[in-house]
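# Working through the structure, step by step
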Amino acid sequence: MINKFSAIFYSGVDSNTSNNDIRKYVIINILLLVSGLLLFFFSLYNTLTKTHYPLAGMEFIASFINLYTYIEMKKIHSLKRGSLISTLNAFFFLLASFILSQGADLIFVWVIFFPVFAIFINGAKKGVLLSFLFYSIVFYFAYMGLGKWMDGLWNMASFMRFISANLGMLFVTYLLERSFEAAYKELAKNRDIEQEYIVALEKASTVDPLTELYNRRHLDYLFNKRYDKAKEHNSYFALFILDLDKFKDYNDTYGHIAGDKALKKIADVLKQTMQRNADSVFRMGGEEFAGLVMAESLEKVCNSISNVKANIEALSIEHVKSSKGILTASIGVCVIHDFSVKDFDKMYKIADEALYKAKSLGRNSIVGCEDISTL
Ligand code: GH3
Ligand code: MG
Ligand code: MG
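Every value quoted in this text rests on a predicted model; they were computed, and no experiment measured them.

Here the focus is the coordination of the magnesium ion (ligand 3). Distances from the magnesium ion (ligand 3) to its protein donors, Asp243 (OD) and Glu287 (OE), fall at 2.2 to 2.3 Å. The distance between the magnesium ion (ligand 3) and the magnesium ion (ligand 2) comes to 3.6 Å, and Asp243 binds to both of them. Taken as a pair, Asp243 in strand 2 (residues 236–244) and Glu287 in the loop between strand 3 (281–285) and strand 4 (288–295) lie far apart in primary sequence, 44 residues in all. On the basis of relative accessible area, Asp243 is assigned to the buried category, the value being 11%. Look at Glu287 and you get partly exposed, because its relative accessible area is 21%.

If you want it as structure tokens, here you go:
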């Protein structure tokens, strides 16, 4: 939660803005607001007490640009524009006040802040280049002022001290920025890794690893969505449970690995057959699958489910212990057309009972498709 005080320099940037950009954004705001206010104060001071009009006028203009950009940044969050305006502003204002003041009242010490802003806002490389450009002008004028500034007290020793202080600040700021950049890069890398984990976890929590069908947990979620959609379109809505016949025998005869392969093939058939609703087939566990079907007539619901059974048969997976000699499935269905009660458990129970009936009727059959249930 952002409190009012910290929001002065930070206000709602995009949630996918990088940490490094957020830092820049905050520094730009600090520069714009603080220097905007300071400049305003200086321009008043210079007008009222010093009658140093050119400087005062310049300060007033700079103050206006700073404060205007500060307010605008809160609305449009344009880092590019903010960086450009604040950097140009710092560059020209500091330079102009440095040159115009001619060493008076030590106004020129403010130039020591240039690298702090230039580097933090524009990054290490660009910031250092800008600082060098800035300081070559500054040092030139400082050199030209030798023996003249400060009533002639400005000498070679003060010039050298001035240079070392500024370059010292530049160097320290550069090192700081490089450290920040390295740290933020590391953070961004970690964020990417976390993102990958989240995607993998999301998948793991909804998808069955063997068949890549959605799992039981996801059925609960999708049931609600599909139910609402069917209700909206006043369609026929079915939940079916599909259980492979004599699959224990299949495993015992052909081995567990062959069993897994068969499960994958069946899953692929389910996906293909139900393509129109590809995300509506699920592996419930073991050799049991489920599906959600939505269609405008009962006939279409039944056709769709019959196709599933027929396509499994068409695979012709050998199963010597089954009565047909191939792997088959039994399917129990619950169809509704009255949407006054939303009850997954009840639909599941009806479909499960139908499945039990299909098994007891000799397997390889569909039960419940012709009857419309009320919940
Ligand atoms: P029914 O026709 O009555 O459904 O008989 P069934 O043998 O299919 O039923 P049962 O529930 O007794 O057996 C299910 C078998 O499915 C037990 C187990 O060997 C097998 N099975 C369950 N999960 C897996 C799996 O992930 N891989 C493999 N290969 N087999 C599995
Ligand atoms: Mg079975
Ligand atoms: Mg079973």
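So, about the pairing of strand 4. Of all 8 residues in strand 4, 8 are buried, a share of seventy percent or more. Side chains of strand 4 alternate between two faces, with Glu288, Ala290, Leu292 and Met294 and Phe289, Gly291, Val293 and Ala295 buried alike. Note that strand 2 and strand 4 share 8 bridges and pair antiparallel. Residue pairing across strands places Tyr236 opposite Ala295, the latter belonging to strand 4. Both strand 3 and strand 4 contribute to a ladder of 4 bridges, which runs antiparallel. Residue Gly285 lies in a different strand from strand 4, and its bridge partner there is Glu288. Linking strand 3 back to strand 4 in an antiparallel pair, the connection comprises 2 residues, with Gly286 at a positive phi of about 55°.

Further remarks concern helix 8 (residues 216–233). End to end, helix 8 covers 25 Å across 18 residues, agreeing with the expected 26 Å (1.5 Å per residue, within 8%). Turning to helix 8, its buried residues number three or more, namely His218, Leu219, Leu222, Phe223, Arg226, Tyr227 and Ala230. The backbone nitrogen of Arg217 lies 3.2 Å from a side-chain oxygen of the residue at the head of helix 8, namely Asn215.

With that out of the way, let us pick up the domain arrangement of the protein. Each assigned domain of the protein is listed with its residue range as follows: domain 1 (2–194) and domain 2 (214–367). A separation of 69 Å is found between the C-alpha centroids of domain 1 and domain 2.

Around ligand 1, the structure places 16 residues, and the nearest of them are Lys246, Phe247, Asn251, Asp260 and Arg363. A distance of 3.2 Å is found between an oxygen atom of ligand 1 and a backbone nitrogen or oxygen belonging to Leu244. If you list the elements that add at least two residues to the shell around ligand 1, you get strand 2, helix 9 (247–254) and helix 10 (256–273). It is helix 10 that contributes the most residues to the shell around ligand 1, 4 residues altogether. Its residues placed into classes, the shell around ligand 1 shows 3 nonpolar, 4 polar and 9 charged.

Turning to a nonpolar patch on the surface, a few remarks are in order. Taken together, the side chains of Val34, Leu38, Leu106, Val109, Trp110, Phe113, Met150 and Leu153 define a hydrophobic patch exposed on the protein surface, amounting to about 680 Å² of accessible area. Summarising the element assignment, Phe113 is placed in the loop between helix 3 (79–101) and helix 4 (114–122).

Reading the values: rules and limits
Residues numbered from 1 in each chain as written. Chains lettered and ligands numbered in written order. Predicted model: local features only at pLDDT ≥ 70, side-chain atom pairs only at ≥ 80, totals over all residues. Heavy atoms only, no water. Donors = N, O, S within 2.8 Å, 3.2 Å for Na, K, Ca; no water. Helix = DSSP H or I, 4+ residues; strand = E, 2+ residues; numbered from the N terminus. Buried < 20%, exposed > 50% of the residue type's maximum accessible area, 1.4 Å probe, protein only. Pairing = 2+ DSSP bridges. Expected span 1.5 Å × (residues − 1). Polar contact = N/O pair within 3.5 Å; in protein donor to acceptor, adjacent residues only side chain to side chain. Domains from an automatic or database assignment. Near = heavy atom within 4 Å. Nonpolar A, V, L, I, M, F, W, Y, C, P; charged D, E, K, R; others polar. Patch = residues over 30% accessible without salt bridge, like charges linked within 9 Å, V, L, I, M, F, W, Y side chains within 5 Å. Areas by Shrake-Rupley, 256 points an atom, 1.4 Å probe, with all protein chains shown as cover. Salt bridge = Lys/Arg side-chain N within 4 Å of Asp/Glu carboxyl O.

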